[in-house]
Amino acid sequence: MWLSVRLTIIGCSGSFPGPDSPASCYLLEAEGFRMLIDLGNGALGVLQRHAGLFDIDAICLSHLHADHCLDLASYWVARRYAPGGPKPPIPVYAPGRAAERMALAHGLEPDPGPAMTDVFHFATLSAGTRRIGPFLVTAERMNHPVETFGFRVEHGGRVLAYSADTGPCDALTELARRADLLLCEASFLEAADLPGGLHLTGRQAGEHAERAGVRHLVLTHLVPWNDKRRSFAEASAAFTGKLSLAAQGQEFDLAPAGPLPL
Ligand SMILES: [Zn+2]
């Protein structure tokens, strides 16, 4: 069986949707299983260019800032009111109170019970490793003002890591240790007096990737008002491996480690 993992960039715009990309959303596929990491605003529309609307098997939300989760409310509408009846529930791994927060975002009353659970089975994330379909997924707390998890996804001997939103932290370096590909946020450009514990610059993304021994660093969460070329230049000064800028629609195939199966 061919065990490669395909990553498709659905959305890579930082903090809000941009003219060329929705906010954060990444599609991971292996063995016919499709998992979304984040579902930020604008992502549900573009997702349908790359996957059937009802072909998603699981969703992981790194945190509950709008640019990482808000289209889950729209996806509830699609699954709940699908022609032919509601679609079967799929798991949604997210920080605590996600069901309540998403219900309120859509104008549903969370009482008497959590709404949206008819098509989503919410599972509260905590640090640690769990199996989701064919993937081994490790979640770790990042350095961001709200509870935020980065992810390390392993399959077929390959490793993909995702920083989510984070300021500098050792947890990111550990999560990305010897990853084949690190999707790392680079929201800030180098400047004096940047706020701490919030986001990374391109240089800081490069430093974390270099310390972790990452093979391929993909800068993402790129904010529309920044010059991406500066983010790339900052990272390239700190990172010696392969370096890319994320772009909507990009696909990355991670072939299995070792000899190819016959
Ligand atoms: Zn955030």
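From a predicted model like this one, the values you see are computed outputs, not experimental measurements. (Residues numbered from 1 in each chain as written. Predicted model: local features only at pLDDT ≥ 70, side-chain atom pairs only at ≥ 80, totals over all residues. Heavy atoms only, no water.)

## Thoughts on the pairing of strand 10 (residues 158–162)
Where we set the bar: Accessibility here uses a 1.4 Å probe with only protein chains present; expressed as a share of the type maximum, an area under 20% marks a residue as buried, one over 50% as exposed, and anything in between as partly exposed. In this description a helix means any DSSP run of H or I spanning at least four residues, a strand means any run of E spanning at least two, and both kinds are numbered starting from the N terminus. One requirement defines pairing of two strands: DSSP has to find at least two bridges between them.
Among the five residues of strand 10, five are classified as buried, and the element is accordingly described as predominantly covered. Judged by which residues are buried, strand 10 turns out to be covered on both faces: Arg-158, Leu-160 and Tyr-162 on one side and Val-159 and Ala-161 on the other are all buried. Where strand 9 (residues 149–155) meets strand 10, five bridges bridge the pair, whose relative direction is antiparallel. For Arg-152, the partnering residue across the bridge sits in strand 10 and is Ala-161. A loop of two residues connects strand 9 with strand 10, the two strands running antiparallel in sequence, and Gly-156 in this loop sits at a positive phi of about 60 degrees. Pairing analysis gives three bridges linking strand 10 to strand 11 (residues 181–185), with the strands arranged parallel.

## Describing the coordination of the zinc ion
What counts is decided by this rule: Coordination shells were defined by N, O and S atoms within 2.8 Å of each metal, extended to 3.2 Å for Na, K and Ca; water is absent from the atom set, which can make sites look incomplete. Irregular is the default label, applied whenever a site is not tetrahedral (four donors, all angles between 85 and 135 degrees) and neither square planar nor octahedral (four or six donors, opposite donors over 155 degrees apart, all other angles between 65 and 115).
Those donors, His-63 (NE2), His-65 (ND1), His-144 (NE2) and Asp-165 (OD), are the protein atoms that reach the zinc ion, and they lie 2.2 to 2.3 Å from it. Around the zinc ion sit four donor atoms, and with donor-metal-donor angles ranging over 92 to 166 degrees the site reads as irregular. Mapped onto the sequence, the donors of the zinc ion take the spacing H-x1-H-x78-H-x20-D. Here His-65 is found in the loop between strand 4 (58–60) and helix 2 (66–69), whereas its partner Asp-165 is found in the loop between strand 10 and helix 5 (170–175), with 100 residues between them in sequence.

## Remarks on the state of the cysteines
Here is the rule: Pairs of cysteine sulfur atoms within 2.5 Å are identified as disulfides in what follows.
Within this structure, the stated rule accounts for zero disulfides. Free of any disulfide, Cys-60 has its nearest neighbouring cysteine sulfur in Cys-25, separated by 11 Å. In this structure Cys-184 is not part of a disulfide, and its nearest cysteine sulfur, from Cys-169, lies 9.2 Å away.

## Some remarks on the environment of Leu-219
This is how it is decided: Two residues qualify as a contact provided that any one of their heavy atoms is within 4.5 Å of a heavy atom in the partner residue.
Assignment of secondary structure puts Leu-219 in strand 12 (residues 216–220). Leu-219 sits in the buried class, given a relative accessible area of 0%. It is 20 Å that separates the C-alpha atoms of Leu-219 and Gly-42, two residues lying 177 residues apart in sequence. Discounting residues that sit within four places of it in the chain, Leu-219 has contacts with Cys-184, Ala-186, Ala-205, Ser-231, Phe-232, Ala-235, Leu-243, Ser-244, Leu-245 and Ala-246.

## Some remarks on the pattern of salt bridges
Here is the rule we go by: One side-chain nitrogen of Lys or Arg within 4 Å of one carboxyl oxygen of Asp or Glu is enough to make a salt bridge.
Applying the stated criterion across every chain yields a total of 13 salt bridges. Glu-147 is the partner of Arg-141 in a salt bridge, and the nearest nitrogen-oxygen pair spans 3.7 Å. The class for Arg-141 is partly exposed, based on a relative accessible area of 43%. Overall, Glu-147 belongs to the partly exposed group, its relative accessible area being 34%. Salt-bridge contacts for Arg-203 lead to Glu-207; the nearest nitrogen and oxygen are separated by 2.5 Å. Residue Arg-203 and its partner Glu-207 are located together in helix 6 (residues 202–212), separated by four residues, close to a single helical turn. Given a relative accessible area of 30%, Arg-203 falls into the partly exposed group. Through salt bridges with shared partners, a single network forms among Arg-6, Glu-251 and Asp-253.

## Let's talk about the packing of aromatic side chains
What counts, and what does not: Put simply, two rings from Phe, Tyr or Trp (the six-membered ring, in Trp's case) pair if the centres are within 6.5 Å, and we call them stacked under 30 degrees between planes, edge-to-face over 60, tilted for the rest.
Under the definition given, this model contains six aromatic pairs. Judged by centre distance (5.3 Å) and plane angle (50 degrees), the rings of Phe-16 and Trp-225 are tilted. Here Trp-225 lies in the loop between strand 12 and helix 7 (228–236) and Phe-16 lies in the loop between strand 1 (5–11) and strand 2 (25–30), a separation of 209 residues in the sequence. Exposure remark for Phe-16: the relative accessible area of 29% places this residue in the partly exposed category. What makes Trp-225 exposed here is its relative accessible area of 69%. On the basis of an interplanar angle of 70 degrees and a centroid distance of 6.2 Å, the ring pair of Phe-33 and Phe-135 is categorised as edge-to-face. Placement of Phe-33 in strand 3 (residues 33–37) and of Phe-135 in strand 8 (residues 135–141) is noted, with a sequence separation of 102 residues between them. Among the aromatic residues, those joined into a cluster by ring pairs are Tyr-75, Phe-120 and Phe-122.

## Structural notes on the sheet that holds strand 11
Inclusion rule: Simply put, an axis is a line fit to the C-alpha atoms, just over the touching stretch for a helix, and the angle between two N-to-C directions goes from 0 to 180 degrees.
Pairing in this open sheet of seven strands is mixed, and the strands run 7-8-9-10-11-12-13 from one edge to the other. Unpaired on one side and paired on the other, strand 7 (128–132) and strand 13 (242–245) mark the two borders of the sheet. Each neighbouring strand pair of the sheet contributes to a mean axis angle of 20 degrees, computed without reference to strand direction. The pairing of strand 11 with strand 12 spans five bridges and is parallel. Along strand 12, the bridge assignment pairs Cys-184 with Leu-219. Along the sheet face, helix 6 touches strand 11 and strand 12 and points at about 155 degrees away from the line of strand 12. Contacts from helix 7 reach strand 12 and strand 13, with the element oriented near 165 degrees to strand 13.

Shape is all these values report; function is a separate question.
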